[in-house]
Amino acid sequence: MSDIIFVVNAGSSSIKFKMYEVKDGEVAPDASMAGLLDGIGVHPHIRVKDAEGGVLLDKSYTAAEIPNATEGKRILAEWLRPRVGDLIIGIGHRVVHGGLSYSEPVIIDDKVMETLESFIPLAPLHQLSNLDPIKLMRERRPDLPQVACFDTAFHRDHPEISDRFPIPRAFYDEGVRRYGFHGLSYEYVSGRLHTLAPAIGAGRVVICHLGSGASVCGLKNGHSIESSMGFTALDGVPMGTRSGSLDPGVVLHLIEEKGMSAHDVGEMLYRKSGLLGLSGISNDVRDLVASPEPAAAMALEYFALKVAQAVAKLATSIGGLDGLVFTAGIGENSPEVRQMVADRLKWLGVEVDPAANETRGATLISAPGSKTEVFVVPTDEERMIAIHTLRLLRGGGHI
Ligand code: ADP
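Keep in mind that this is a model prediction, so the values were computed, not measured. (Residues numbered from 1 in each chain as written. Predicted model: local features only at pLDDT ≥ 70, side-chain atom pairs only at ≥ 80, totals over all residues. Heavy atoms only, no water.)

Engineer: Go over the pattern of salt bridges, please, and point to the residues and values.
Structural biologist: For the structure shown, the criterion picks out 22 salt bridges. Of the charged contacts, one joins Arg-141 and Asp-143 as a salt bridge, the two residues approaching to 3.2 Å between their closest N and O atoms. Judged by its relative accessible area of 54%, Asp-143 is exposed. Connected through shared salt-bridge partners, Glu-160, Arg-164, Arg-169 and Asp-173 make up one network. (Salt bridge = Lys/Arg side-chain N within 4 Å of Asp/Glu carboxyl O. Buried < 20%, exposed > 50% of the residue type's maximum accessible area, 1.4 Å probe, protein only.)

This is the structure in structure tokens:
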């Protein structure tokens, strides 16, 4: 049996994990096991599959059995230990915030843990959920190296002009900046693009990460220059249930005139807005594409327009557009949304080949004469974490 890198992506109501074998000194291309615990505290459910998609565990629990994420992690750990416990050589964690300190993944020790805890106010829900399994594993298996991989790290070398808000400098100095997120996805996709189309990968590229969270990133030669997401993962294009950018005066109005609490405004902007708020029907693009309701069509139109505007804005920041890449749940699976975005960018030299766009698994989807080459590149944030983890274990002399 091979050594295993274990990857954890822990949210507030769900925990995803994947395992990658180390073969010939490299992280295997596909996960050998993948699991999801969701519905924590409501309808908890654990599903684990092997590399071929075979179901290893598919079990529902009562809310009393898994009332919180800590209990969920304990139950998952009990199930995993006899199966793979001895083979795991390191654990890689997705951690949303690396603050100003980390532009690279890092091996976790006491000092790092303290620093990561100091970032909790920057992303309260996410950061706490991410750090929780790290703490648990440090107690249970202090011998096992753990690595934190950050959503913000890929964007850390932005020029100041990309990271400032036009508010007094003191706030910037204390950390109120445009950090940008989805960095592990952009790093992975950009690396794949360098392999698939080296000349484009070395040029001016905008990647659209369109999943339930969505953002757009402008890159030059594989380096992030600017992202549509800012201080929080609420900024930029509209998402499944998040609003994206909004006139800040609306927030002031809701609090001062409508008497909403900051908490209620947050709930609305994070959970009831975006495609769901626009359509009043669903946050899922599949439902909206299938719906005959005009509100569903309007929500899709709105989404496509805002994504296209974000691409054009970032093309300005990087001085042109050699390549446009779609990735994540919507970007990889919705030819309708890709076509709608591309149609709004024709003036910029983007021309999609409709047949290629409709072909499942096609990588290059632009028409032969298109000034900008358009790609669909599946993302794999977990594999990126596994690659970083193995690299750091080696560098740190752990293996
Ligand atoms: P996350 O990892 O942020 O939860 P994903 O990248 O998995 O999100 O994207 C989830 C979204 O992808 C869903 O909300 C849905 O709108 C969209 N999606 C998934 N499959 C399809 C599909 N076949 N057609 C259109 N949209 C899809």
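Text resumes after the structure shown.
Engineer: Describe the packing of aromatic side chains, with residues and values.
Structural biologist: Enumeration over the complete set of coordinates arrives at three aromatic pairs. When the centroid spacing of 5.4 Å and the interplanar angle of 25 degrees are considered together, the rings of Phe-6 and Phe-17 count as stacked. With Phe-6 in strand E1 (residues 4-10) and Phe-17 in strand E2 (residues 15-23), the pair connects residues that are eleven residues apart, well separated along the chain. Judged by its relative accessible area of 3%, Phe-17 falls in the buried class. Each ring, one from Tyr-102 and one from Phe-150, has its centre 5.1 Å from the other, and the planes form 5 degrees; the classification is stacked. Taken together, the residues Tyr-102 in the loop between strand E7 (88-95) and strand E8 (106-107) and Phe-150 in strand E9 (residues 146-150) connect sequence positions 48 residues apart. Each of the two residues, Tyr-102 as well as Phe-150, counts as buried. Lying over the aromatic face of Tyr-302, Lys-306 brings its terminal NZ or CZ to 5.4 Å of the ring centre. (Phe/Tyr/Trp six-rings, centres within 6.5 Å; stacked < 30°, edge-to-face > 60°. Helix = DSSP H or I, 4+ residues; strand = E, 2+ residues; numbered from the N terminus. Lys NZ or Arg CZ within 6 Å of the ring centre and 35° of its normal.)

Engineer: Describe the site of the ligand, listing the residues and the values that go with them.
Structural biologist: The local shell around the ligand consists of Lys-16, Gly-211, Ser-212, Gly-213, Asp-284, Val-285, Arg-286, Ala-328, Gly-329, Ile-330, Asn-333 and Ser-334. Val-285 places a polar main-chain atom, nitrogen or oxygen, 3.0 Å from an oxygen atom of the ligand. One of the backbone N or O atoms of Ile-330 is found 3.4 Å from an oxygen atom in the ligand. Listing elements by their share of the shell around the ligand, those giving two or more residues are helix H11 (285-290) and helix H13 (328-333). (Near = heavy atom within 4 Å. Polar contact = N/O pair within 3.5 Å; in protein donor to acceptor, adjacent residues only side chain to side chain.)

Engineer: Which residues make up the pairing of E2, and what values do they have?
Structural biologist: Across seven bridges, E1 lies against E2 in antiparallel orientation. Within the sheet, the bridge partner assigned to Ala-10 lies in E2 and is Ile-15. In textbook terms, the turn of a hairpin is the stretch between consecutive antiparallel strands, and for E1 and E2 this stretch comprises four residues. Here E2 pairs with strand E3 (residues 26-27) via two bridges, running antiparallel. Residue pairing for E3: Lys-23 is matched across the bridge by Glu-26. In this structure, the hairpin formed by E2 and E3 is closed by a connection of two residues, where Asp-24 is found at a positive phi of approximately 50 degrees. (Pairing = 2+ DSSP bridges.)

Engineer: I'd like to hear about the sheet that holds strand E11 (residues 214-220), residue by residue, with values.
Structural biologist: Strand order across the open sheet formed by five strands is E12-E11-E10-E13-E14, with mixed pairing between neighbours. For this open sheet the edge positions go to strand E12 (223-227) and strand E14 (373-376), each flanked by a neighbour on one side alone. The sheet shows a mean angle of 25 degrees between the axes of neighbouring strands, direction not considered. Running over the sheet, helix H6 (residues 183-196) touches strand E10 (204-210), E11, strand E13 (323-327) and E14 and is turned about 130 degrees from E10. (Axes fitted to C-alpha atoms, helices over the stretch in contact; angles between N-to-C directions. Contact = heavy atoms within 4.5 Å.)

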